[in-house]
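# A structural walkthrough
Below, each chain spelled out in residue letters.
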Amino acid sequence: MSTKVKGYSLAITTSVTFGMIPLFAIPLKQMNFSFDTALFYRFMISAVMIGLYLVFTKMDLKVTRKELGTLIFLGVVYSCSSEFLFLGYDYMSAGVASTILFMYPVMVALIMGFGFKEKISRIVWIAILLAFSGVMVLNGSGDGKMSPLGLLIILLSTLSYAVYMVLVNKSNVRNMQGIKITFYSIAFSSLFFLFKSFIRGTFQAIPSVEVAINISLFGLITTAISLITLVYSIKLIGSTPTAILGSMEPMVAVAISVILFHEAFTLNLAVGIVLVMTAVVLTILSDNLEKWFSHAKNLIQK
């Protein structure tokens, strides 16, 4: 198997496994299992799995005190994204929630533009317009308009993940290997949810084998496997193709929601997904597209 085929296969695996979050999250909510506890177990299991992988690959896990402080903060921000997404499932279909969450590259572009004074290109502005148009279309994808509170909660999830991505690239851990940052982030996320569940008095022991299997697969598939395959796909084919193939995530989430949980697949949902996915791909390719347009313009002028 060639390097490119391996890379694309791993990128698709990453996309599909990330998109499978509703497959495990929704049944846990239907069982009335504490989502704080569920997320603690999810991140604990995945942290153990990735930690074993890092030990096996003999990666140095030492960090400085300043880096440790940053990593703890990253863990809290990552936790907020997961918590808001889980809460959002109470207000809208998992497919719609996952599609809106997938807007995070557009949010990153906005943060970089307004927070770090980076120039926002014309293509990115078009992408932003498409993304928010997609959200407005998704607003009418279910039985009536979605709850404004639900939309706000999912946008907070998207924003939290975008902030996490910006901090990873702008903080004192930016030169640290991605998988190492991820390990510490999810480890501190598990501690965050453990602490939160004890403070709120919602911590639950795993009540049955069914719940244990569900939570174990939740942590293994949607976190550990997806993050490890992400690292290797980026190494083999680069970040841009990997990110573009990530557009399969909301499609997988929507398919699971429609097929397994009998959520309606409407025209609004289809159009909203296309608009958001187009916006994300344009954002990812914006630099390359700007160079191409500039080169084409120069050729025409000559």
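Refer to the structure printed above.
If you're wondering where the values come from, they're calculated on a predicted model, not measured in any experiment.

### Looking at the overall build of the protein
Counting its regular elements, the protein contains 13 helices and zero strands. Its helices and strands taken in sequence order, the protein reads α-α-α-α-α-α-α-α-α-α-α-α-α from the N to the C terminus. Here the C-alpha radius of gyration of the protein, 20 Å, is about what a compact globule of 302 residues would show, namely 19 Å. Its C-alpha atoms give the protein principal-axis dimensions of about 70 × 50 × 45 Å. Expressed as a percentage of its 302 residues, the buried residues of the protein come to 50%.

### Focus on the nonpolar core
Counting 79 residues, the largest nonpolar core has Ile50, Leu71, Ile100, Tyr164, Ile181 and Phe218 as its most contacted members. Sort the elements by how many residues they give to this core and helix α3 (residues 35-56) lands first, with eleven residues. Judged by nonpolar contacts, the second largest core, of five residues, contains Met107, Val108, Met112 and Ala162.

### Overview of the pattern of salt bridges
Inspection of the entire model under this criterion finds five salt bridges. Note that Asp36 and Arg200 form a salt bridge whose closest N and O atoms lie 3.1 Å from each other. Of the two residues, Asp36 is situated in helix α3 and Arg200 in helix α9 (residues 178-200); the sequence distance between them amounts to 164 residues. Salt bridges linked by common partners bring Asp36, Glu83, Lys196 and Arg200 together as one network.

### Brief notes about the environment of Glu290
Here Glu290 is to be found in helix α13 (residues 267-301). For the pair Glu290 and Thr158, spaced 132 residues apart in the sequence, the C-alpha separation amounts to 26 Å. Contacts of Glu290, omitting those with residues within four sequence positions, involve Ser121, Arg122 and Ile123.

### A few points about the packing of aromatic side chains
Under the criterion given, the structure shown has 20 aromatic pairs. Arranged with centres 5.8 Å apart and planes meeting at 70°, the rings of Phe43 and Tyr78 form a pair that is edge-to-face. Of this pair, Phe43 sits in helix α3 while Tyr78 sits in helix α4 (residues 65-88), placing them 35 residues apart in sequence. Owing to a relative accessible area of 9%, Tyr78 belongs among the buried residues under this scheme. Centre to centre, the rings of Phe43 and Phe193 are 6.1 Å apart; their planes meet at 10°, and the pair counts as stacked. Residue Phe43 is located in helix α3, and its partner Phe193 is located in helix α9; the two are separated by 150 residues in the primary sequence. There is no split in this pair, since Phe43 and Phe193 are both buried. Members of the aromatic cluster, joined through ring pairs, are Phe43, Tyr78, Phe102, Tyr104, Tyr161, Tyr164, Phe192 and Phe193. Above the face of the Tyr232 ring, Lys235 is positioned so that its terminal group lies 5.3 Å from the ring centre.

### Some remarks on the environment of Asp36
Assessed through its relative accessible area of 1%, Asp36 is described here as buried. Between the alpha carbons of Asp36 and Phe203 there is a distance of 7.3 Å; along the sequence they are 167 residues apart. Those residues in contact with Asp36 that sit more than four places away from it in its chain are Glu83, Phe193, Lys196, Ser197, Arg200 and Thr202. There is a polar contact of 2.8 Å between the side chain of Asp36 and the side chain of Lys196.

### Looking at the side chain of Lys180
Residue position: Lys180 is located in helix α9. Among all residues touching Lys180, those that are not within four sequence positions of it are Leu54, Met59, Asp60, Leu61, Lys62 and Val63.

### Overview of the packing of helix α5 (residues 94-101) against helix α12 (residues 248-259)
Put simply, α5 and α12 touch, their axes get as near as 8 Å, and they point 170° apart. Considering their axes alone, α5 and α12 lie roughly antiparallel with respect to each other. Contacts from Ala94, Gly95, Ser98 and Thr99 of α5 reach α12 at Pro250, Ala253, Val254 and Ser257. For the contact of α5 with α12, the class distribution of residues is four nonpolar, four polar and no charged.

What counts, and where the lines are drawn
- Residues numbered from 1 in each chain as written.
- Predicted model: local features only at pLDDT ≥ 70, side-chain atom pairs only at ≥ 80, totals over all residues.
- Heavy atoms only, no water.
- Helix = DSSP H or I, 4+ residues; strand = E, 2+ residues; numbered from the N terminus.
- Rg over C-alpha atoms; globule rule 2.2 N^0.38 Å.
- Buried < 20%, exposed > 50% of the residue type's maximum accessible area, 1.4 Å probe, protein only.
- Core = buried A, V, L, I, M, F, W, Y, C linked by side-chain atoms within 4.5 Å.
- Salt bridge = Lys/Arg side-chain N within 4 Å of Asp/Glu carboxyl O.
- Contact = heavy atoms within 4.5 Å.
- Phe/Tyr/Trp six-rings, centres within 6.5 Å; stacked < 30°, edge-to-face > 60°.
- Lys NZ or Arg CZ within 6 Å of the ring centre and 35° of its normal.
- Polar contact = N/O pair within 3.5 Å; in protein donor to acceptor, adjacent residues only side chain to side chain.
- Axes fitted to C-alpha atoms, helices over the stretch in contact; angles between N-to-C directions.
- Parallel < 35°, antiparallel > 145°, perpendicular 65-115°, else oblique.
- Nonpolar A, V, L, I, M, F, W, Y, C, P; charged D, E, K, R; others polar.

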